[in-house]
Every structure is written in C-alpha cells, then in structure tokens.
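Observations on chain architecture
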Amino acid sequence: MEENFRMIAKCFFGFEEILEKELRDLGAQDVEKGVRMVSFKGDKGFMYKANLSLRTALKVLKPIYSFRANNEQALYKGISGVNWSKLLNANQTFVIDATVHSTYFNHSEFVSQKCKDAIVDQFRERTGQRPSIDKAFPDLRINVHIDKDQVSVALDTSGNSLHQRGYRTATNIAPINEVLAAGILLLSGWEGQSHFLDPMCGSGTFLAEAAMIACNIPANINRKEFAFEKWKDWDNDLFEQIINSLMKKTKEFHYTIKGFDKAPSAVNKAKDNIRNANLEDYVTIKEENFFDTEKDVEGKLHMVFNPPYDERLDIHMEEFYKNIGDTLKKSYPGTNAWFITANLEALKFVGLKPSRKIKLFNASLEARLVKYEMYEGSKRTKFQVSE
C-alpha cells in the first residue's frame, strides 16, 4: 500500500469551505481548513485524483521539509538539508517559487536565488554536474514559503495553476478565471438540479464549468500536463487507472444549459471553448441581448453571470444595472439569479434586494457575489400560498 502524506490545496479567499467539502467528498483524510488553503492527507493516487478533480483548488502542494531560518546562512543550510538527488537528476531542470512574509527576508527573488545556490552546490559537490533553471517548463517546481522564521519547502504537484483547465483557447477582454467560475457556481448551490442560464456568457467559462459540475466530469480532464508527470516516481498506469475510475462516475444531465451574448465574436469563442471541452451535447449558445429575452423553460431556472463593469467596457453603469433588475423582474419569474460584480456602487441601481451577498475577490478587485430570488407571481402571493 502507498503511504499517506500531507498535502496542501491552495484556493481563493472565500472558497475554503467549498474546497474542504470537495476534498472530503473525494475521500481525503485529516482535512483541515486554513486561510486560502486546505490541508489533507492522501497517497500518490489521491494526489493524482485531487489534481484531476478539484474544481476550486489553484494548486496542490506536497510539503517535504520545514526548518527555522532568520538569516541567509541558515536558509542555505536548511535547503541543503534535503537530499535533492532523490527528487532530481543533475541533467534536469528546476525552478523555485518563493513566498515571503518575514522581517528577516524581504525579497522573494533573493530567497529563490539563495535556495537555488544551495541545490546547485549540493549537486556540484556530489556529482560535478548541476541541474539548471527553467522557469517555463521545469522538471521540478519547488515552493518555498517563509513565514517569520519558519521555512516550509514543498513540491508543486500541479505545475501551472489549475485554473488552466485546457479547454479555453479563446477569451474575451477579461474572462473570468475557471476556478473562480467553478467556485461561484458551487457557492450558488449549482449541482445540475434544474435548467441553467448564463445571460452574458462571454467566452463560455460558466457554461463549461456548470456542465462539468452537472455531469460530474473531472474539472481538469482536458488539461495537457501536471507537474508530477515529470517526477522520478511518476506512475502512468496508476494515473490511467484514476482517470478511468473518475470517468465511470460521470452522470447524465436532464435539463438545459444555455448561454447568451450580444457580441457575435463572444458567441463564436464560447462555442469553440465548449467544443474543446467536449461539452457540445449539453450546452447551447445564442447571440442574444439579455435585456430583450425572457424565460423560456418550465420550472426553476438557475442563472449565474459576470456582468461587465467599468474596468472592462465602456457602458453606462446606472442604466445597465437598472436594466438587469428590470429584466429579471419582468421576464424571469421562478429564477434564482446570481452574479458577481466588483462595482459595489452599481448594485444600488438593480432595484431589487439581494437575498444573499458573499464577499469574494475577482483578481485583486474586491467583489460581491449577489443572489436575487425571482418568484413566480409576486413575493406576497408566494407567502400567502405557503401559509
């Protein structure tokens, strides 16, 4: 049996609880929620599974060593304490990503350089050869995190951020990050239990993520590569076994997933991305202006979207957000509508009271995910009927 080891899944602020639930549902052991991260235990197969499946993780790290250092000599000595030849050959490449929150070290580039020297010197002394640095496609990606005098060294199992799913080749001005989109969908309670609409779909990210959640398709099944595929202990047979077992757990979806956008270029990009993700059977995309549409399905409708705000498009904010509220009120009864915006002022013009507000960040911008519940008939009627 493979031994279990500790791993850390990194996430956006506000997604810790969802990521914790994802890990528990996948079968992780010893799950512990932190800030912008969740730690857990699993074996090598579970490491593969976590990278393939997690929708709200940005990276999965495998901690290998920790020590204290309050100056550059102690840092060099600590990094030298790892037997790097177990992880890397002298003819291979590596890169170091350093994060520093410390008064002893105030520059992450300096920390990276010092760690690199320690690794290279160890190889040179033992073999006369040295591995080289490759920032773009390294064989080993090493993560060094310094908090005060505590140094944690981890291997990056993922490589490029896990938001790079592999299906999105075409994007618009400011596409929503795939991990952010998946997290928003999960926060909104989306599980594939009704019809779905993104009325301002842009390059189709919400549509792709919604379809993958509804059908239980692993989030990163279309991804070209993970960092662990270059490791010395890479097990291709185990990886294929994990993929097969995950694909057996996909499920049927019996509703519709639709996207609208008024820009023909966006519609074409969204269709390309949905095709890349092999999701054409589940998703329909039309060139429509949301403000001219109305609900065209029976029963509940789950709506999630990312309306434009000042940073991206030249639109009249007040009028635009008022139109969102008016369209929802007049044309979309029986709808739970969720959207994210970093323009907190503009929310006042929607003219509806949100039933929920969740603080998130879209890139560096503080944003709100808001929910508007549009009832069949008036709200008053609904309460009279339920009484």
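What you see is a predicted model; the values in this text were computed from it and never measured.

Looking only at helices and strands, the protein chain features 10 helices and 15 strands. The globule rule puts the C-alpha radius of gyration for 387 residues at 21 Å, and the 24 Å found for the protein chain is close to it. Along the three orthogonal principal directions, the C-alpha set of the protein chain runs to about 75 × 45 × 45 Å. Within the protein chain, contacts between residues separated by at least 24 positions form 76% of all contacts whose residues are at least 6 apart in sequence. When the accessible surface of the protein chain is split by element, carbon and sulfur atoms take 46% of a total near 18700 Å². In the protein chain, which carries 54 positive and 53 negative side-chain charges, the distance between the mean positions of the two groups comes to 3 Å.

Time to look at the nonpolar core. Of all hydrophobic cores here, the largest spans 94 residues; its most connected members are Leu23, Phe40, Leu75, Ile79 and Ile142. No other element matches the eight residues that helix α6 (residues 205–214) contributes to this core. With 23 residues, the next largest nonpolar core counts Phe290, Met317, Tyr321 and Ile324 among its residues.

The mixed open sheet is built from eight strands, whose spatial order is β2-β3-β1-β4-β8-β7-β5-β6. Every other strand in the sheet has two partners, leaving β2 (29–33) and β6 (132–133) as the edge strands with one partner each. Along the sheet, helix α4 (residues 108–127) contacts β5 (93–101), β6 and β7 (140–147); its crossing angle with β5, the most-contacted strand, is approximately 140°.

Quick look at the UniProt feature "domain: THUMP" (unreviewed entry) in the protein chain now. Here the UniProt-annotated "domain: THUMP" (unreviewed entry) positions come out as residues 46–157. The distance from the first to the last C-alpha atom of residues 46–157 is 12 Å, and the span holds 33% helix and 32% strand.

On to the pattern of salt bridges, then. Any two side chains of opposite charge can pair, on the condition that their charged atoms come close. Per the stated rule, a full pass over the model turns up 21 salt bridges. The network of salt bridges with common partners includes Arg6, Asp30 and Lys41.

If you check which residues of helix α1 (residues 16–26) are buried, you get Glu16, Ile18, Leu19, Glu20, Glu22, Leu23 and Leu26. Residues of α1 that are buried in the fold lie against β1 (5–10), β2, β3 (37–42), α2 (44–53) and α5 (178–187). Count one or two residues on from α1 and you reach glycine 27, which has phi positive near 105°.

What follows covers α4. Its 20 residues place the ends of α4 29 Å apart at the C-alpha level, agreeing with the 28 Å of an ideal helix rising 1.5 Å per residue. Taken together, the buried positions of α4 are Val111, Ser112, Lys114, Cys115, Lys116, Ala118, Ile119, Val120, Gln122 and Phe123. Among the structural elements, α3 (72–80), β5, β6 and β7 are those in contact with the buried residues of α4. Of the residues flanking the end of α4, it is glycine 128, one or two places downstream, whose phi is positive at about 80°.

Turning our eyes to something else, we now look at the pairing of β7. In terms of residue burial, β7 counts as a mostly covered element, since six of its eight residues are buried. Taken together, the eight bridges between β5 and β7 define a ladder with parallel strand orientation. Paired with histidine 101 across the strands is aspartate 147, a residue of β7. Across six bridges, the pairing between β7 and strand β8 (residues 150–156) is antiparallel. Following the sheet pairing, aspartate 147 is matched in β8 by glutamine 150.

Before going further, it helps to examine the sheet that holds strand β13 (residues 335–341). Ordered in space as β11-β10-β9-β12-β13-β15-β14, the seven strands form an open sheet in which the pairing is mixed. Sheet topology places β11 (283–287) and β14 (356–362) at the edges, where each strand pairs with a single neighbour. For this sheet the average axis-to-axis angle between neighbouring strands, irrespective of direction, equals 20°. Bridging between strand β9 (residues 195–198) and strand β12 (residues 301–305) involves three bridges; their strand directions are parallel. Directly across from phenylalanine 196, in β12, lies its bridge partner histidine 302. Where α5 meets the sheet, its contacts fall on β9, β12, β13, β14 and β15 (365–374), and the angle it forms with β14 comes to roughly 170°.

This next bit is on the packing of aromatic side chains. Per the counting criterion, the structure on display carries 23 aromatic pairs. When the ring of phenylalanine 12 is compared with that of phenylalanine 15, the centres are 6.2 Å apart and the planes differ by 75°; the resulting orientation is edge-to-face. Per residue, the accessibility class of phenylalanine 12 equals that of phenylalanine 15, and both read buried. Taken together, a centroid distance of 5.1 Å and an interplanar angle of 45° make the contact between phenylalanine 305 and phenylalanine 339 tilted.

As a further point, take the environment of serine 102. By the element assignment, serine 102 lies in the loop between β5 and α4. Separated by 245 residues in the primary sequence, serine 102 and leucine 347 have C-alpha atoms spaced 39 Å apart. Apart from the residues within four sequence positions on either side, serine 102 is in contact with Ile146 and Lys148. A distance of 3.0 Å separates a polar side-chain atom of serine 102 from the backbone nitrogen of tyrosine 104. Looking at serine 102, its side chain comes within polar contact range of the main-chain oxygen of lysine 148, at 2.7 Å.

What counts, and where the lines are drawn
- Residues numbered from 1 in each chain as written.
- Predicted model: local features only at pLDDT ≥ 70, side-chain atom pairs only at ≥ 80, totals over all residues.
- Heavy atoms only, no water.
- Helix = DSSP H or I, 4+ residues; strand = E, 2+ residues; numbered from the N terminus.
- Rg over C-alpha atoms; globule rule 2.2 N^0.38 Å.
- Contact = heavy atoms within 4.5 Å.
- Areas by Shrake-Rupley, 256 points an atom, 1.4 Å probe, with all protein chains shown as cover.
- Lys, Arg positive; Asp, Glu negative; His and termini not counted.
- Charge placed at Lys NZ, Arg CZ, Asp CG, Glu CD.
- Core = buried A, V, L, I, M, F, W, Y, C linked by side-chain atoms within 4.5 Å.
- Buried < 20%, exposed > 50% of the residue type's maximum accessible area, 1.4 Å probe, protein only.
- Pairing = 2+ DSSP bridges.
- Axes fitted to C-alpha atoms, helices over the stretch in contact; angles between N-to-C directions.
- UniProt positions renumbered as here; feature names shortened; annotations may be inferred.
- Salt bridge = Lys/Arg side-chain N within 4 Å of Asp/Glu carboxyl O.
- Expected span 1.5 Å × (residues − 1).
- Phe/Tyr/Trp six-rings, centres within 6.5 Å; stacked < 30°, edge-to-face > 60°.
- Polar contact = N/O pair within 3.5 Å; in protein donor to acceptor, adjacent residues only side chain to side chain.

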